[in-house]
Amino acid sequence: MDKHEFSMRVIACENRLYRISTAILGNTFDRDDAVQETLLKAWANLSTLREEKHFETWLIRILINECRTVIRKRRPFLPLPDVIAAPEPPDPRLFEALLTLDVKYRLPIVLHHVEDYTIHETARILQLPSGTVKWRIEYGKKLLRELLRREEER
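Predicted model, so just to flag it, every value in this text is computed and none were measured.

Novice: Lay out the overall build of the protein with the relevant residues and their values.
Specialist: In terms of helices and strands, the protein carries seven helices and zero strands. Overall, the protein shows an N-to-C arrangement of helices and strands of α-α-α-α-α-α-α. Taking all 154 residues of the protein together, 36% fall into the buried category. Summarising the internal contacts of the protein: among those between residues at least 6 apart in sequence, 69% fall at separations of at least 24.

Novice: Requested: an account of helix 2 (residues 28–44), with residues and values cited.
Specialist: One turn of the α-helix equals 3.6 residues, which is why residues spaced by three or four share an orientation. With 17 residues, helix 2 extends 24 Å between its outermost C-alpha atoms, agreeing within 8% with the 24 Å of an ideal straight helix rising 1.5 Å per residue. When helix 2 is considered as a whole, its buried residues turn out to be Thr 28, Asp 30, Arg 31, Ala 34, Val 35, Thr 38 and Ala 42. When helix 2 is viewed along its axis, its buried side chains cluster within an angular range of 155 degrees and face the same direction. Tucked inside the fold, the buried residues of helix 2 contact helix 1 (3–25) and helix 3 (55–73).

Novice: Residue-level account of the packing of helix 1 against helix 2, with values.
Specialist: With their axes 9 Å apart at the nearest point, helix 1 and helix 2 run at an angle of 145 degrees to one another. Along this stretch, helix 1 crosses helix 2, giving a crossing that reads as right-handed. Of the residues in helix 2, those in contact with Lys 3, Phe 6, Val 10, Leu 17, Tyr 18, Ser 21, Thr 22 and Leu 25 of helix 1 are Asp 30, Arg 31, Asp 32, Ala 34, Val 35, Leu 39, Ala 42 and Trp 43. Residues of the contact of helix 1 with helix 2, tallied by class, amount to 10 nonpolar, two polar and four charged.

Novice: If you had to explain the environment of Tyr 139 to someone new, which residues and values would you point to?
Specialist: Locating Tyr 139 in the fold gives a position in helix 7 (residues 130–153). Tyr 139 gets classed as partly exposed once you look at its relative accessible area, which sits at 30%. The spatial distance from the C-alpha of Tyr 139 to the C-alpha of Tyr 105 is 7.4 Å, given a sequence separation of 34 residues.

Novice: So what's going on with the nonpolar core? Residues and values would help.
Specialist: Grouped together as the largest cluster of nonpolar side chains are 26 residues, with contacts concentrated most on Phe 55, Ile 60 and Leu 111. In terms of residue count, the dominant contributor to this core is helix 3 (nine residues). When sequence neighbours within four positions are dropped, the list of residues in contact with Ile 60 reads Arg 16, Leu 17, Ile 20, Leu 111, Tyr 117 and Ile 125.

Novice: Lay out helix 7 with the relevant residues and their values.
Specialist: Here helix 7 contains 24 residues, and its C-alpha end-to-end distance of 35 Å stays within 8% of the 34 Å for a straight helix at 1.5 Å per residue. Here helix 7 has its buried residues at Val 133, Arg 136, Ile 137, Gly 140, Leu 144 and Leu 148. Of the surrounding elements, those touching the buried residues of helix 7 are helix 4 (92–100), helix 5 (103–114) and helix 6 (119–126).

Novice: Can you tell me about the packing of helix 6 against helix 7, naming the residues and giving the values?
Specialist: Where helix 6 meets helix 7, the closest approach of the two axes is 9 Å, and the angle between their N-to-C directions is 105 degrees. One finds that helix 6 runs roughly perpendicular with respect to helix 7. Along the contact surface, helix 6 presents Ile 119, His 120, Thr 122 and Ala 123, while helix 7 presents Ser 130, Val 133, Lys 134 and Ile 137. Residue composition of the contact of helix 6 with helix 7, by class: four nonpolar, three polar and one charged.

Definitions and cut-offs
Residues numbered from 1 in each chain as written. Predicted model: local features only at pLDDT ≥ 70, side-chain atom pairs only at ≥ 80, totals over all residues. Heavy atoms only, no water. Helix = DSSP H or I, 4+ residues; strand = E, 2+ residues; numbered from the N terminus. Buried < 20%, exposed > 50% of the residue type's maximum accessible area, 1.4 Å probe, protein only. Contact = heavy atoms within 4.5 Å. Expected span 1.5 Å × (residues − 1). Arc of directions from axis to C-beta. Axes fitted to C-alpha atoms, helices over the stretch in contact; angles between N-to-C directions. Left-handed = near helix turned anticlockwise from the far one by under 90°. Nonpolar A, V, L, I, M, F, W, Y, C, P; charged D, E, K, R; others polar. Core = buried A, V, L, I, M, F, W, Y, C linked by side-chain atoms within 4.5 Å. Parallel < 35°, antiparallel > 145°, perpendicular 65-115°, else oblique.

Structure, rendered in structure tokens:
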């Protein structure tokens, strides 16, 4: 894969990378850093891509690992207002509830229901068995329903 093809394939999935990293990290500063580092690592390690047809899932796997690195390196800080406003989610209540879920439930839900990956593709990206992915999605949706129900009762 040459530089031009790499660039074109990255551009094709750029929005998806930002949405996934936002779902994991929650703020635009960390999200932007994670995506940038992901692209640098992907280009530097392009030779490790076994099959070009799996480029997008390979890139998302790198992104998820990079997001985990960002989380591990985080230090407590005072939140700063975002300089670049993220697009408003269609349902802000649902988005806020989703961000309260543990990432192990949040990420499969985002990959499957927001990014429209199949269960099998989600499992491959997360390097988990399909059954585990299905269970995490169902359990995560149950947690979301409970959170939203409690919020309505307030």
